Amino acid sequence: MHTDFSVIVDEFEKDLDNIRIIVSAFDALKKSDPRIRVAAANSATLLLAATFEEFVREMARSYAEHIVNKTDKVEHLPQQFRKTAWRRTVASLGRLRFRGQSTSRLILEAKAKFDAVFEFCRGDLGQDIYDVLIHNENNMRASQINALFKISGLKDVCSLLAQREAIADEISLREAGQIHGAVLRRLDDFFNRRNDIAHSLNRMSSSGSVQINQDIELFRAIGKSLCETLEAKSQSS
């Protein structure tokens, strides 16, 4: 039976397959201008990073919704849940910029956002506060992934997914601690490359197709392992 988590993973894997097609296309351009191949490879890397980050946010949002749906009172939510929702909402309102004719609309949107978190914190669990709640402030490295799920009371999710077979097969290790360390290193390596591209768009080097395909398979394995982890936690909670 499909769960909300597996549906999200299915869509994520389709997106990964599409990025793989892009990689195959620029890899076939052996005789083209090297600048075209570099630009295509860098674009694929940036797209892959954005796709992975959106996937993790969707999974964290779905898990947060699960936690809320099984709770009868707001006081029974994990300790950081209300605090984080309130803090992030107020912080986002503080960044509001008044811009001429659009100001009235922005103020109405701000009021709706504040009213939602206000009513949620008072006990109306039907309020939609998840877009503000589930927000990554940095690259989706392991620490950021863990932080998004910790809001909902799930600690160190990256260690938990390292116990799953899909990620073990991808890393080619069997000891959970070693797998966890390898995942952290590969995520750091990927986002270091991603940031190098983002901070220097005119750079004349890029990851090759082999490297990007390895990145894709890492994220595919993380997706499957995260899905299994969240499904197991949802059933036991």
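Look up a bit, the structure's there.
The model shown is predicted, which means the values in this text are computed figures rather than measured ones.

Here's the deal with the nonpolar core
Turning to step 1, where the next piece is worked out: With 63 residues, the main nonpolar core has F52, M59, F81 and F149 as its most contacted residues.
Turning to step 2, where the next piece is worked out: A total of 13 residues in this core trace back to one element, the largest contributor, which is helix α2 (residues 34–69).
Turning to step 3, where the next piece is worked out: Once residues within four sequence positions are removed from consideration, F149 is found in contact with V56, M59, A60, Y63, L154, V157, L226 and L230.

Here's the deal with the environment of Q144
Turning to step 1, where the next piece is worked out: Locating Q144 in the fold gives a position in helix α6 (residues 142–150).
Turning to step 2, where the next piece is worked out: Under the relative-accessibility criterion, Q144 is labelled buried at 7%.
Turning to step 3, where the next piece is worked out: A sequence separation of 48 residues divides Q144 from N192, and the C-alpha atoms of the two residues are 15 Å apart.
Turning to step 4, where the next piece is worked out: In this view, Q144 contacts N136, E137, N138 and N139; residues no more than four positions away in its chain are not counted.

Some thoughts on the pattern of salt bridges
Turning to step 1, where the next piece is worked out: Enumeration over the complete set of coordinates arrives at 16 salt bridges.
Turning to step 2, where the next piece is worked out: R61 is paired through a salt bridge with D131; the nearest N and O atoms lie 2.5 Å apart. Linking R61 in helix α2 with D131 in helix α5 (residues 130–133), this pair joins segments that are 70 residues apart in sequence.
Turning to step 3, where the next piece is worked out: The salt bridge involving E170 is made with R186; its shortest N-O contact spans 3.3 Å.

Remarks on a nonpolar patch on the surface
Turning to step 1, where the next piece is worked out: Judged by side-chain polarity, W86, V90, F114 and F118 come together as a nonpolar surface patch covering roughly 320 Å² of accessible area.
Turning to step 2, where the next piece is worked out: Only α3 (79–94) and α4 (103–122) provide two or more residues apiece to the nonpolar patch.
Turning to step 3, where the next piece is worked out: For V90, the location among the structural elements is in helix α3.

Quick notes on the rules
- Positions within a chain are numbered from 1, following the residues in the order the chain's sequence is written.
- A pLDDT threshold of at least 70 governs which residues receive local features in this predicted model, and a stricter bar of 80 or more applies before side-chain atom pairs are shown or counted, although totals over entire chains, interfaces and linings include all residues.
- The side-chain quantities take in all heavy atoms of the structure and omit both hydrogens and water.
- By nonpolar core is meant a set of buried Ala, Val, Leu, Ile, Met, Phe, Trp, Tyr and Cys residues that side-chain atoms within 4.5 Å join together.
- Note on classification: 1.4 Å probe, protein chains only; a residue is buried when its accessible area is under 20% of the maximum for its type, exposed when over 50%, partly exposed between these limits.
- A run of DSSP states H or I qualifies as a helix once it reaches four residues; a run of E qualifies as a strand once it reaches two. Both are numbered from the N-terminal end.
- By definition in these notes, contact holds between two residues if any of their heavy atoms fall within 4.5 Å.
- What makes a salt bridge here is a side-chain nitrogen of Lys or Arg within 4 Å of a carboxyl oxygen of Asp or Glu, nothing more.
- Like charges are joined within 9 Å and nonpolar side chains (Val, Leu, Ile, Met, Phe, Trp, Tyr) within 5 Å, but only among residues with over 30% relative accessible area and no salt bridge; these make up the patches.
- Here the open area of atoms and residues is found with the Shrake-Rupley method and a 1.4 Å probe, where only the protein chains shown may cover a residue.

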